[in-house]
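The lines below spell out each chain.
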Amino acid sequence: MKKTKLLIILLIFVTGLNAQDGINYDENLMPAYTLPDPLVFPGGKKVKTVRQWETKRKPQIFRMFEEQMFGKIPEGLDIKEYRLLEESDVTPYPNGRRKQVALVLKKGEKELLIQLLLYLPKGVAKAPVFLGYNFKGNHSVTPDKAVIISSSWARDDAASGITGNRFSEKSRGTEASRWSIQRMLDAGYGVAVMYYGDVDPDRDDFSDGVHPFCYSGDQKKPLPGEWGAIAAWSWGLSQALNYLETEPAVDAGKVIVFGHSRLGKTALWAGVTDPRFALVISNNSGCGGAALSKRIFGETVKRINTSFPHWFCDNFKPYNDREQDLPFDQHELIALIAPRPVYIASALEDQWADPKGEYLGGYYASPVYHLYGKKGLESAEQPPVGVPVMNQIGYHIRPGKHDVTDFDWEQYIRFADMHLQD
Ligand code: GCU
């Protein structure tokens with residue numbers, strides 16, 4: 001009882017603070033808004049066929065997101081070298097074997113090492129794989145003592161064993177509850193993870209990670225239409241997929257790109273930019289992910305661009321406080337993944353991410369799925385808490401906070417089974 005009271009006081013305090021900050025959590029206080037129709041050309045003509053969509057309208061929408069939000073990924077920046085770091089049949093998972101590989105990006109003498117940790121189910125000739133980033137190093141996703149600790153920069157967090165911007169043994173396993181590895185292996189899936197900070201440390205600084213590898217002369221940072229960190233992390237996922245294509249025990253046609261929160265935004269952009277991803281999962285991706293920006297509910301464009309100025313390209317900044325002027329909204333981001341399956345998950349207590357806006361992102365993407373003869377999210381109403389909907393677009397809202405849980409993974413595996421099993 002005492003705990004509940006404390007929580008309520010805390011909630012009032014936090015909500016009050018946010019209200020002062022202009023953050024809205026009230027459906028009645030949202031502005032009236034009109035969403036752009038993905039199936040209507042700027043001149044008013046309707047898209048009637050898959051061909052019109054794929055050859056004309058889809059590229060138009062893609063370019064808007066690319067030029068005005070995520071920024072262009074540099075061309076030709078491909079990793080060509082893979083260094084085997086370690087492999088073993090002995091892991092904490094009786095039916096899992098482990099492989100650790102560095103994806104090596106080179107420029108002259110300079111090297112960037114992106115470490116990939118792969119668990120594969122024993123006895124499966126070619127396994128489908130869940131691929132995603134972690135927030136706290138590969139060693140944080142498992143208690144497995146053999147997993148190499150990343151030496152990349154990390155935000156200090158003493159409770160997770162990160163001090164002096166470096167990981168330590170103490171952070172081993174601290175994020176294990178977010179990765180149901182045993183469950184994936186039991187279901188016949190592999191899992192590949194990377195630390196997102198290996199690709200680009202999550203701070204407003206373009207002198208580290210992949211950035212120094214792609215500018216020359218006087219250019220030290222991306223131009224206003226060039227990639228922000230989210231697009232850089234998406235690039236890293238495509239590099240990992242290139243590697244997985246060389247791995248005989250992986251079914252590279254069945255790689256599922258997954259991400260939570262800022263990494264859910266990343267997974268969506270990776271799904272859009274790289275059609276090789278067979279299925280896309282956005283867990284609590286919120287603003288800049290699945291949630292509609294024009295609702296102005298929870299995190300706003302201004303807030304995200306202010307707290308995290310390095311995530312999106314500079315061309316996105318003029319939309320601060322001007323969501324109504326955005327020529328696109330996030331339902332169109334999801335539409336760009338069509339007809340591939342995409343799953344959007346929300347959490348009830350994660351109002352910052354606007355669960356209803358995340359649902360509507362999928363709902364308003366659905367007409368593009370219909371064009372392919374596929375079902376998306378068919379009801380304008382969110383399903384009840386804890387009741388997943390699974391068509392070509394999947395969705396659930398579960399009880400609890402901003403996180404990844406076993407419940408989420410149960411649904412993702414079910415959804416993947418439904419779409420990827422022969
Ligand atoms: C912050 C940010 C969100 C983001 C989240 C996360 O809350 O405002 O946009 O999704 O961090 O990545 O955990």
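Residues numbered from 1 in each chain as written. Predicted model: local features only at pLDDT ≥ 70, side-chain atom pairs only at ≥ 80, totals over all residues. Heavy atoms only, no water.

K.L.:
What am I meant to see in the pattern of salt bridges here?
P.N.:
Two side chains of opposite charge can pair, provided their charged atoms sit close to one another. Under the definition given, this model contains 30 salt bridges. Here Glu 111 ties to Arg 83 by a salt bridge, and the two come within 2.8 Å at their closest N and O atoms. Of this pair, Glu 111 sits in strand E3 (residues 110-121) while Arg 83 sits in strand E1 (residues 81-88); the two residues are 28 residues apart in sequence, bridging distant segments of the chain. Residue classification places Arg 83 among the partly exposed positions, given a relative accessible area of 29%. Here Lys 302 and Asp 321 are joined by a salt bridge, their closest N and O atoms 3.4 Å apart. Pair noted here: Lys 302 is in helix H7 (residues 301-307) and Asp 321 is in the loop between H7 and helix H8 (330-335), with a separation of 19 residues, a long-range link. Exposure remark for Lys 302: the relative accessible area of 38% places this residue in the partly exposed category. Classification of Asp 321 by relative accessible area gives exposed; the value is 53%. Connected through salt bridges with shared partners, the residues Glu 27, Arg 295, Asp 354 and Lys 356 form a single ionic network. (Salt bridge = Lys/Arg side-chain N within 4 Å of Asp/Glu carboxyl O. Helix = DSSP H or I, 4+ residues; strand = E, 2+ residues; numbered from the N terminus. Buried < 20%, exposed > 50% of the residue type's maximum accessible area, 1.4 Å probe, protein only.)

K.L.:
Looking at this structure, how should I read helix H5 (residues 229-244)?
P.N.:
Counting along an α-helix, one turn takes 3.6 residues, and residues three or four places apart therefore face a common direction. Across its 16 residues, H5 extends 23 Å between first and last C-alpha, which sits within 8% of the 22 Å expected from 1.5 Å per residue. In terms of residue burial, H5 counts as a mostly covered element, since 16 of its 16 residues are buried. (Expected span 1.5 Å × (residues − 1).)

K.L.:
Just to check I follow, could you spell out the packing of helix H2 (residues 50-70) against helix H6 (residues 262-273) for this structure?
P.N.:
Packed helices, taken two at a time, are described by the angle their axes make and the gap between the axes. Running from N to C, H2 and H6 point in directions that differ by 140°, and their axes come no closer than 12 Å. It follows that H2 is oblique to H6 by the angle criterion. In the crossing of H2 with H6, the sense of the turn from one axis to the other is left-handed. Counting all contacts with H2, which are made through Phe 62, Phe 65, Glu 66 and Phe 70, the residues of H6 involved are Trp 269, Val 272 and Thr 273. Broken down by class, the residue content of the contact of H2 with H6 amounts to five nonpolar, one polar and one charged. (Axes fitted to C-alpha atoms, helices over the stretch in contact; angles between N-to-C directions. Parallel < 35°, antiparallel > 145°, perpendicular 65-115°, else oblique. Left-handed = near helix turned anticlockwise from the far one by under 90°. Contact = heavy atoms within 4.5 Å. Nonpolar A, V, L, I, M, F, W, Y, C, P; charged D, E, K, R; others polar.)

K.L.:
What is the right way to read the packing of aromatic side chains from this model?
P.N.:
Two aromatic rings, taken as a pair, are described by how far apart their centres are and by the angle between their planes. Within the structure shown, the criterion is met by 27 aromatic pairs. With a centroid separation of 5.0 Å and 80° between ring planes, the pair formed by Phe 167 and Tyr 195 is classed as edge-to-face. Separated by 28 residues along the polypeptide, Phe 167 in the loop between strand E4 (127-134) and helix H3 (181-186) and Tyr 195 in strand E5 (residues 190-195) bring together distant segments of the chain. Grouping aromatic residues by their ring pairs yields a cluster made of Phe 62, Phe 65, Phe 70, Trp 269, Phe 312, Phe 316, Tyr 319 and Phe 328. If you follow Lys 110 out to its NZ or CZ, it ends over the ring of Phe 213, 5.2 Å from the centre. Here Arg 295 stacks its cationic end above the ring of Phe 297, 5.4 Å away from the centre of that ring. (Phe/Tyr/Trp six-rings, centres within 6.5 Å; stacked < 30°, edge-to-face > 60°. Lys NZ or Arg CZ within 6 Å of the ring centre and 35° of its normal.)

K.L.:
What am I meant to see in the side chain of Ser 293 here?
P.N.:
Take Ser 293: it is sitting in the loop between strand E7 (279-283) and H7. Dropping the residues within four chain positions of it, Ser 293 is found in contact with Val 301, Glu 323, Leu 326, Asp 329 and Gln 330.

K.L.:
For this particular structure, what's the right way to read the domain arrangement of the protein chain?
P.N.:
The figure often quoted for interface size is the accessible area lost as the parts come together. In terms of domain boundaries, the protein chain breaks down into domain 1 (1-30) and domain 2 (67-420). Spacing between the C-alpha centres of domain 1 and domain 2 amounts to 29 Å. At the junction of the two partners, domain 1 supplies eight residues and domain 2 supplies nine residues. Each partner contributes to the roughly 730 Å² buried at the junction of domain 1 and domain 2, and carbon and sulfur atoms together form 55% of this total. (Domains from an automatic or database assignment. Buried area = accessible area lost by both parts, 1.4 Å probe.)

K.L.:
Teacher, can you tell me more about the confidence of the model for the protein chain here?
P.N.:
A low pLDDT means the predicted coordinates there should not be read in detail. For the protein chain, the mean per-residue pLDDT works out to 95, and 95% of the residues sit at or above 70. Between residues 8-20, whose pLDDT stays under 50, and residues either more than four places distant or in other chains, the model counts four contacts. (pLDDT = per-residue confidence, 0-100.)

K.L.:
What should I look at first to understand the site of the ligand in this one?
P.N.:
Neighbouring the ligand are Ser 261, Arg 262, Lys 265, Glu 299, Ile 304, Phe 308, Trp 311, Trp 352 and His 402. Trp 352 places a polar side-chain atom, nitrogen or oxygen, 2.9 Å from an oxygen atom of the ligand. Contact between the ligand and His 402: an oxygen atom at 3.4 Å from a side-chain N or O atom of the residue. Burial of the ligand by the protein amounts to 82% of the accessible area it has alone, namely 320 Å². Of the residues in the shell around the ligand, the class split is four nonpolar, two polar and three charged. (Near = heavy atom within 4 Å. Polar contact = N/O pair within 3.5 Å; in protein donor to acceptor, adjacent residues only side chain to side chain. Areas by Shrake-Rupley, 256 points an atom, 1.4 Å probe, with all protein chains shown as cover.)

K.L.:
Before we go on, may I ask you to explain helix H11 (residues 406-420) in this structure?
P.N.:
Here H11 contains 15 residues, and its C-alpha end-to-end distance of 20 Å stays within 8% of the 21 Å for a straight helix at 1.5 Å per residue. Three or more residues of H11 are buried, namely Asp 408, Trp 409, Gln 411, Tyr 412, Ile 413, Phe 415, Ala 416 and Leu 420.

K.L.:
When you look at the packing of H5 against H6 in this model, what are you seeing that I'm missing?
P.N.:
For the pair H5 and H6, interaxial distance at closest approach is 8 Å and the crossing angle is 60°. Judged by the angle between their axes, H5 and H6 are oblique. You can see that H5 and H6 cross each other, and the crossing is right-handed. Between H5, through Ile 230, Ala 231, Trp 233, Ser 234 and Leu 237, and H6, the contact on the second element is made entirely by Leu 263, Lys 265, Thr 266, Ala 267, Trp 269 and Ala 270. When grouped by side-chain class, the residues that make up the contact of H5 with H6 number eight nonpolar, two polar and one charged.

K.L.:
Can you walk me through the side chain of Asn 138 in this structure?
P.N.:
Within the element layout of this structure, Asn 138 appears in the loop between E4 and H3. Looking at Asn 138, the relative accessible area reads 4%, which means it is buried. With near-sequence residues (within four places) excluded, Asn 138 lies in contact with Gln 115, Leu 116, Leu 117, Val 147, Val 193, Met 194 and Tyr 195.

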